[in-house]
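Coordinates in review
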Amino acid sequence: MKRKKQIFWLLIFLFFLGLLARAKICLNTDQTKEILGRTLFLNSGERADLSHSLLRMGTVIFAMEKKKTPQPVETTVPAATAKTEIALRNQTSFDIDTNALLRRPLAFLPVKKDSLPQVLIVHTHTSEGYSPQERTQDADQNVVAIGAVIAEYLREKGVNVIHDQTIHDADYNGSYARCLETVEARLQEHPSIQIVLDVHRDAATLEDGESLRAAAQINGTQTGQIMLVAGTNEGGLSHPNWETNLSFALRIQQAMDQNYPGLSRPLNIRKERFNQHLAPGMLIVEVAASGNSLQEAKEGAELFVRSLWTVLK
C-alpha cells in the first residue's frame, strides 16, 4: 500500500512538472502527448516501481528540453534590391572571367523561329514537388508543371519546344544516367535542338527542421527564386565546352538581375557536368525550393522565362 501511494504521488508530481515544462518551454499539444506517452507510461508488462519512475522523471526533463518548440526563423532567402555585378557561387577551382564569357559569341543565339525544335525541356528529378507535396508524380503538382509554364511562353513567342515529361527518378539513384539517355535520344531525333533546360526545384533542411523557402517579393508578389547550375569538367568527366554553357548561363543571370532584381540566387558553378556536355546551351534551372508553394514556383518560372526570352531573341 505504501509503495502504491508513493507511485501515485510521484505521478501527480510528474504531471504538474509536465504542465510547468509545457508553459516554460513552449511545448505544443502533440509534443506534450508524445513526450509524456513515451516517458511516463509504462509499456505493457513493465513493473511500476519507484526506481523505474524516478528514472523516467529524469528522462522527461531531458526530453522536454530536447523537444521544445524552436523559435520561428526566417526561411525566405532575402531579395536583393540592386546588383552591380553577377553573383556567383563558384564551387570549383577555376577563376571565372565573367566579362570575357559574356562577350563570347554563342552560335545558337538568337534562337531560330521555324518548324524545327530548338529547345528541349527535361526533368532529371521529375517527381520533385512543392510544399506540402515535396515529392509527387502528379505532373500538375511537380516540376513538370513548372516546365509547362516555360514551354508555353516560348511557344507563344514562336519557338518550337519539346517538353519531355519522362519520369527519371522512380528510383532516385541513377536519375542522371536515365535522363542522359532521354536527352541523347531527343537530340538524335531532333539535331536542331541546341538548348536543353533541365528544370528542378532546390531542397535544403534548415536548422529548425523546416524546408528551405527561396522567395522574393517582386512587384508585390511572393515569387520563387531561380538558381542556375552550370557544370564543368573538374570532376573528371569530359566536358570540353563547359565555358559555352556557362556563358549562356551568365547571360540569363544578367537578364534576371536587370529585369527582376531579387529573382535570381547566385549562379552555382559545380565540378560535376550534369549531362551538360550534350548541348552547348544545356543548364540546370532550379525553380524555387521544397518549402515554396507551387504558385510561388510558377511565378518564378514566369519571370525566369521572360528573362530567358530577352537572351534568346
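Preceding this paragraph is the structure being described.
Report follows, based on the coordinates. (Residues numbered from 1 in each chain as written. Predicted model: local features only at pLDDT ≥ 70, side-chain atom pairs only at ≥ 80, totals over all residues. Heavy atoms only, no water.)

1. Overview of the sheet that holds strand β9 (residues 226-230)
In space, the seven strands of this open sheet follow the order β1-β10-β9-β11-β6-β2-β5, with mixed pairing throughout. Of all strands in the sheet, those with a lone pairing partner are β1 (88-90) and β5 (161-163), marking the two edges. Strand-to-strand twist of the sheet, defined as the mean angle between neighbouring strand axes without regard to direction, takes the value 20°. Helix α5 (residues 143-156) rests against β2 (119-122), β5, β6 (195-202) and β11 (281-289) of the sheet, and its axis sits at about 170° to β5. Relative to the sheet, helix α7 (residues 242-259) contacts β1, β6, β9, β10 (267-269) and β11, its axis offset from that of β11 by approximately 40°. (Pairing = 2+ DSSP bridges. Helix = DSSP H or I, 4+ residues; strand = E, 2+ residues; numbered from the N terminus. Axes fitted to C-alpha atoms, helices over the stretch in contact; angles between N-to-C directions. Contact = heavy atoms within 4.5 Å.)

2. Observations regarding the pattern of salt bridges
For the structure shown, the criterion picks out eight salt bridges. Taking the shortest distance from any N to any O, the salt bridge between Asp202 and Arg265 comes out at 2.9 Å. In this pair, Asp202 sits in strand β6 while Arg265 sits in the loop between α7 and β10, placing the two residues 63 residues apart along the sequence. With respect to class, Asp202 is no different from Arg265; both count as buried. For Glu302, the salt bridge goes to Arg306, with nearest N and O atoms at 3.1 Å. Of the two residues, Glu302 and Arg306 are both situated in helix α8 (residues 294-312); the distance of four residues between them amounts to about one turn of the helix. On the basis of relative accessibility, which here comes to 24%, the residue Glu302 falls in the partly exposed class. Using a relative accessible area of 34% as the deciding quantity, one classes Arg306 as partly exposed. (Salt bridge = Lys/Arg side-chain N within 4 Å of Asp/Glu carboxyl O. Buried < 20%, exposed > 50% of the residue type's maximum accessible area, 1.4 Å probe, protein only.)

3. Description of the packing of aromatic side chains
Tallied over the full model, the rule gives three aromatic pairs. Considering the side-chain rings of Phe94 and Trp242, the 4.9 Å spacing of their centres and the 20° angle between planes classify their relative orientation as stacked. Here Phe94, found in the loop between β1 and α4 (98-103), pairs with Trp242, found in helix α7; they are 148 residues apart in sequence, far enough to count as distant. Taking the relative accessible area as the measure of exposure, Trp242 reaches 8% and is therefore buried. (Phe/Tyr/Trp six-rings, centres within 6.5 Å; stacked < 30°, edge-to-face > 60°.)

4. Brief notes about the environment of Arg89
Within the secondary structure, Arg89 sits in strand β1. A sequence separation of 176 residues divides Arg89 from Arg265, and the C-alpha atoms of the two residues are 9.1 Å apart.

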